[in-house]
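# Analysis of the macromolecular model
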Amino acid sequence: MSSPPRPSLGQSVALVWRTLRSMRTALILLLMIGLASVAGSLLPQWPNTPDRVAQYRADHAFWGAFFDRAGLFDVFGSWWFVLLTTLLFVSLVACLVPRTRALARALRTPPVQAREIDALPRYAEVRSATSPEAAIALARRTLRRRRFRVALDPSRPALAAEKGVAREVGSLAFHWAFILLLAGVMYGKGTGFSGLIAVVEGQTWIDAEANYDGTIRAGRFFDGFTGVGLRLREFGSEFLQTGQPMDFVSRVDLLDADGNVLRQEDIRVNHPAKIEGLWIYQSSFGWAPVIEIADDGDVVSSGPVVMDRDPAPEGIVEFAMPWRGVVKLPGAGEGGVDRAVELELWPDSRAFTALLAGGEPQAMLVEFDPVIRFTVWEGLLTDLATTRLDTASLEEVSSGIVGAGRTSDLTDGQALPAGDDGSGTTISFPSLRQYSVFQVGRDAGVPLVLAAAILILVGLLPALYSSRRKLWVRADPADEGAVLRIGGLAMQRKPQFEEEFARLVDALEAATGGPSEPHVEREKVQTP
Amino acid sequence: MTDLQWARISNDAFNLALFAYLAAMVGYFVFLAFRRDAIWKISRLVAIAGVGANLVSVVARGLAADRVPWGNMYEYSSLLALLVVVGAIVVVEGVYKVRSLTGFALMFSVLTMAVAVSFLYVGPGPLVPALNSYWIKIHVQAAIWGSSLFALGGIATIAYLVVDRIERRRIEALGAQTPPPIMGGSVDLDAPGADATRGAAPADLVPDPAEDVESHSAKRRLMPSAAGLDRLAYRIIALAFPIWTFAVIAGAIWAQEAWGRYWGWDPKETWSFITWVVFAGYLHARATSGWKGRRAAVIALVGFASLLVTYYAVNLWIVGLHSYAK
């Protein structure tokens, strides 16, 4: 007639808590995180490969939109991954707290005495010439020396001993270490940041928000930039004949917040520089030709132009691609219209001439008589902030070529003879420099994460390889001495315990064998 | 000797090792079929000769390239094959006295080397800057040792599943006539109440699950019981797991040095994590009632598959920061 009583809120909470506490739940959550990771590795991920995500979305309209909504393009940042991780950690804590309490209790309470020693998995009897009490005292000493925790039975000559608490201690340390790991990750990400900078040879960069390229990934509790800096003295690269890179090195001066040189350092792949908690990594590099544009000898624009490279088409090495950049000159054109000079750099002109002659694209690994092909556009510049050029509202006016150390006329594209600075508007290419891209970041959580990682390893070894074993000894009076009844059991690693038990019995026999030869016995005890 | 000569020696020794492993594998399978000790002795000798050749190949490769000989997949495969055979001979045959799995370990190594020489071969050359760090010694070594032990654990797990099925059938067949004998094999003696059984009966009458793996009387038996194989697989995986954990941690430290973050969910990182998670699941499952035995073994097999994905699929087909390791 009546429906079953609805569980009260307290009961529901208790049920959820009990479910979370079970190892089965933790296991299932762990395996679900594993499954989510599979998805995260098979589909392109925004934080890692944004281009491939965009490509995927373009190629698969329906599935792309679906995966995007499901968070599958950013699995490890999606709400459900965070939820799974949170649940796992809650489950972990729920499991660890009672276990830790139980361990603390077990460490405080002495080992429990046994009733029927001869019913234990391992059992042996040893004869002793001493009294039962003396035999137990000797046994206690022997076992203590072997690092057993020993408790004497107050009611009769007997003892209980146990060893191997390291297993549970190690297991708990291993599991608690993940909480520490999480704390370290959250602290590091919360207070840290990461960004990219491009620095041209000879230029100085200062750690300030405006001086980063693109987006800075900063944590919620990030507390500002340091003002330290670096000056790139020189960038160097080495390649094999095959085009395989051998070494990239940025030779830098590290500057303190007042601009004083702290020290010089070579930043390489695998050799970051560290200053004021900032880690500075070699990330990539490129060319930055110095370009000077002049009107009747008056310089209107001068400086290195940081260049990018188009992605190489299939089958062509990336180093064969020319480098592109743009100089934007608002209001500099005829009649006050905007002007832009689009630049295409060929660091090794041999590749350029070879291509013009109908040859194959060649990798340009070193600077060799570099040339720049330029195109002049006039009209309306819609975007002054970026290094990209939107030619929709621009018109091509002229084009030409300028070699390193030379000058060309910008209006008709004609190269001028050496020494001729020309009249009208000119473009000069005095020198070619390189720029280096650094990844700059701060993560104060690293020491915590490292500590957690060490704790994970240190805890794992006893958790896997040590075992809890218990031993009981009772001495019963026998003719002219005592008989020691020894029983033992191991919770894990039972075969190993068989041997250990035999050794323990031998040691106990040697120790209690008789009071007449104590010296020899002690030596015997100490043999492992 | 010149680099070129060392390279040639390395390649010749590689081929020699491959053929020796192949011959030893056939030998071990013949031994499984006919159970002659002499065949086992010869096969073992051939396998050890293969290990020698493999070692020469690895060392000569290092001398030819003038760096550690584990800088790409070909070299990694060669070392992996070596360690799997060494592990089979030293750990499985030597420590646990199980001879019947070595043939399968050799098969794994033969396949690994055949794939390496057919699809992954590159000449000896210097390392790309990203790999040029002392961490390559630590991280990659740990990964290879961990992988080789996981591979052996996977082989033992497969053997367990096969033998367990055979034993179950046998017990079923017996069960039709007589009650199943307690000595019959896969009766789970670790289950609750096992200790009580053991207490009641004289200790030497109750078989310990690991006894088949360890005691000398079991030497005569060719294939250990299912319980013994399960135990063996567990032991090897429990040995591999901390090494793998260390490999992942060392990789994270290296990533912090090289890429400026200790973890970035790069496909290699993700899959090594997945492998870690699956084997962690296996270790927990074995300690959870109801998940022991076949279920845990299936988890271990998933872990083994995940290990192969971590090694082959991630490097060859999934674009990521480890793609240079081809």
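Residues numbered from 1 in each chain as written. Chains lettered and ligands numbered in written order. Predicted model: local features only at pLDDT ≥ 70, side-chain atom pairs only at ≥ 80, totals over all residues.

Take the overall build of chain A next. Scanning chain A from N- to C-terminus turns up eleven helices and 21 strands. Taking 24 Å as the expected radius of gyration for a compact globule of 528 residues, we find that chain A reaches 38 Å, considerably beyond that expectation. Considering only contacts in chain A between residues 6 or more positions apart, those separated by 24 or more positions represent 61%. (Helix = DSSP H or I, 4+ residues; strand = E, 2+ residues; numbered from the N terminus. Rg over C-alpha atoms; globule rule 2.2 N^0.38 Å. Contact = placed C-beta atoms within 7 Å.)

Another aspect to go through is unusual backbone geometry. What you tend to see is this: most non-glycine residues have negative phi, and most peptide bonds are trans. All names here are of chain A. Its identity is not glycine, yet Asn270 carries a phi of approximately 75°, on the positive side. Tracing the backbone shows Asn270 in the loop between strand S9 (261–268) and strand S10 (273–275). Classification of Asn270 by C-beta neighbours within 10 Å gives partly exposed; the count is 18. Although it is not a glycine, Asp369 sits at a positive phi angle of roughly 45°. Summarising the element assignment, Asp369 is placed in the loop between helix H8 (349–356) and strand S16 (371–379). Looking at Asp369, the number of C-beta atoms within 10 Å reads 15, which means it is partly exposed. (Buried ≥ 20, exposed ≤ 12 C-beta atoms within 10 Å, placed from the backbone.)

A separate point is the nonpolar core. Counting residues in each nonpolar core, the largest one holds 113 residues, and the members touching the most others are Tyr21(B), Val84(B), Val85(B), Ala105(B), Leu152(B), Ala156(B) and Ile237(B). At 20 residues, helix H8 (residues 226–259) of chain B tops the list of elements feeding residues into this core. Those residues in contact with Leu152(B) that sit more than four places away from it in its chain are Val84(B), Gly87(B), Ala88(B), Val91(B), Val92(B), Ala105(B) and Ile236(B). In this structure, Leu255(A), Ile267(A), Ile372(A) and Ala404(A) belong to the second largest nonpolar core, which totals 53 residues. (Core = buried A, V, L, I, M, F, W, Y, C linked by C-beta atoms within 7 Å.)

Moving on, we get to helix H2 (residues 23–42) of chain A. Between the first and last C-alpha of H2(A) there are 29 Å, a value that for 20 residues agrees with the 28 Å anticipated at 1.5 Å per step. Residues Ala26(A), Leu27(A), Leu29(A), Gly34(A), Ala36(A), Ser37(A), Gly40(A) and Ser41(A) constitute the buried set of H2(A). Looking at the buried side of H2(A), the elements it contacts are helix H5 (79–108) of chain A together with helix H9 (267–286) of chain B. (Expected span 1.5 Å × (residues − 1).)

Attention shifts here to the environment of Trp176(A). Residue and element names in this part refer to chain A. Along the chain, the position of Trp176 falls in helix H7 (residues 165–191). Residue Trp176 is classed as partly exposed on the basis of its 19 C-beta neighbours within 10 Å. Spatially, the C-alpha atom of Trp176 lies 46 Å from that of Gly286, the residues being 110 residues apart in sequence.

Across the contact, 44 residues belong to chain A and 42 residues belong to chain B. Among the elements of the structure, H2, strand S8 (245–255), strand S11 (278–295), strand S19 (425–442), helix H9 (446–465) and helix H10 (494–512) of chain A are those that each provide at least two residues to the side of chain A that touches chain B. The element best represented in the side of chain A that touches chain B is H2(A), accounting for eleven residues.

Here we take up the sheet that holds strand S5 (residues 204–206) of chain A. Backbone-to-backbone hydrogen bonds join strands into a sheet, with any given pair of strands oriented parallel or antiparallel. All names here are of chain A. Judged by pairing direction, the sheet is antiparallel, and its four strands sit side by side in the order S5-S7-S8-S9 without closing on themselves. Bordering the open sheet on either side are S5 and S9, each of which pairs with just one other strand. On average, each strand axis in the sheet is inclined to that of its neighbour by 25°, with strand direction left out of account. (Pairing = 2+ DSSP bridges. Axes fitted to C-alpha atoms, helices over the stretch in contact; angles between N-to-C directions.)

Residues and elements named next belong to chain B. Domain boundaries assigned for chain B yield domain 1 (1–126) and domain 2 (133–326). In this assembly, 23 residues from domain 1 lie in contact with 25 residues from domain 2. If one sorts the elements of the side of domain 1 that touches domain 2 by residue count, helix H3 (residues 73–95) sits on top with ten residues. In the side of domain 1 that touches domain 2, the residues fall into 18 nonpolar, three polar and two charged. (Domains from an automatic or database assignment. Nonpolar A, V, L, I, M, F, W, Y, C, P; charged D, E, K, R; others polar.)

All names here are of chain A. Pairing within the open sheet is antiparallel, and its five strands lie in the order S1-S21-S20-S3-S2. Bordering the open sheet on either side are strand S1 (122–128) and strand S2 (149–152), each of which pairs with just one other strand. When the angles between neighbouring strand axes are averaged without regard to direction, this sheet yields 20°. Note: strand S3 (residues 158–163) against strand S20 (residues 469–478), six bridges, orientation antiparallel.

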